Amino acid sequence: MEEALRESEARYRALVESQIDIISRYRPDTTLTFVNDAYCRFYGRTREELVGSSFLLWVAPEFREGVLAETQESAKVAR
């Protein structure tokens, strides 16, 4: 069972990391908890610079309010 879980996690990680699309995971407060390599390349930052920060820091100031509103609305739907 543990071996199957490790294999499944390895396949998932390989799939996510090989994507050319940016993929992230974040908390409701917009703190990034995961970013894939494509996300790092897009923003020109390392994973260490991104994870633990708010993704809003990397959004152009004029779009932050709208992005935050969309994020909050998505969180409501997901509940």
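As shown above, the structure is provided for reference.
Every value quoted in this text rests on a predicted model; they were computed, and no experiment measured them.

S.K.: Which parts of the structure should I look at to understand the overall build of the chain?
M.R.: A tally of helices and strands in the chain yields four helices and two strands. Order of helices (α) and strands (β) in the chain, N terminus to C terminus: α-β-β-α-α-α. Against the globule reference of 12 Å for 79 residues, the chain gives a C-alpha radius of gyration of 15 Å, more extended than a compact globule. Once the C-alpha set of the chain is aligned to its principal axes, its extents read approximately 45 × 35 × 20 Å. Counting only residues that meet the buried cut, the chain has 23% of its 79 residues in that class. For the chain, the share of sequence-separated contacts (at least 6 apart) that also reach a separation of at least 24 residues comes to 11%. Put simply, the chain shows about 6100 Å² of open surface, and 56% of that area lies on carbon and sulfur atoms. If you average the places of the 11 positive and of the 14 negative side-chain charges in the chain, the two averages end up 2 Å apart.

S.K.: Quick question: what am I supposed to make of the environment of Thr30 here?
M.R.: Inspection of the secondary structure puts Thr30 in the loop between strand E1 (24–26) and strand E2 (32–35). Between the alpha carbons of Thr30 and Gly52 there is a distance of 9.4 Å; along the sequence they are 22 residues apart. With sequence-adjacent residues up to four places away left out, Thr30 is seen in contact with Ser53, Ser54, Phe55, Leu56 and Leu68.

S.K.: How should the pattern of salt bridges be read in this particular structure?
M.R.: As a working rule, side chains carrying opposite charge can pair if their charged atoms are close by. Under the counting rule described, the total for this entry stands at three salt bridges. Its salt-bridge partner being Asp37, residue Arg47 comes within 3.1 Å of it at the nearest N-O pair. Here Asp37 lies in helix H2 (residues 37–43) and Arg47 lies in helix H3 (residues 47–50), a separation of ten residues in the sequence. A relative accessible area of 31% places Asp37 in the partly exposed class.

Rules of the game
- Position numbers for residues start from 1 in each chain and track the written sequence from start to end.
- pLDDT decides what is reported in this predicted model: residues at 70 or higher carry local features, side-chain atom pairs at 80 or more are listed and counted, and totals for whole chains, interfaces and linings draw on all residues regardless.
- The side-chain values count all of the structure's non-hydrogen atoms but skip hydrogen atoms and water molecules.
- The helix count covers DSSP runs of H or I at least four residues long, the strand count covers runs of E at least two residues long, and both are numbered beginning at the N terminus.
- For a compact globule the rule gives 2.2 Å times the number of residues to the power 0.38, and the radius of gyration it is set against comes from C-alpha atoms.
- Partly exposed residues are those whose accessible area sits between 20% and 50% of the maximum for their type, while under 20% is buried and over 50% is exposed, using a 1.4 Å probe and protein chains only.
- By definition, residues are in contact when any of their heavy atoms lie within 4.5 Å.
- Shrake-Rupley sampling with a 1.4 Å probe provides the accessible areas, and residues are treated as covered by the protein chains on show and by no other component.
- Positive charges come from Lys and Arg alone, negative charges from Asp and Glu alone, with His and the N- and C-terminal ends not counted.
- Note that the charge is assigned to NZ on lysines, CZ on arginines, CG on aspartates and CD on glutamates.
- A side-chain nitrogen of Lys or Arg and a carboxyl oxygen of Asp or Glu constitute a salt bridge if their distance falls within 4 Å.

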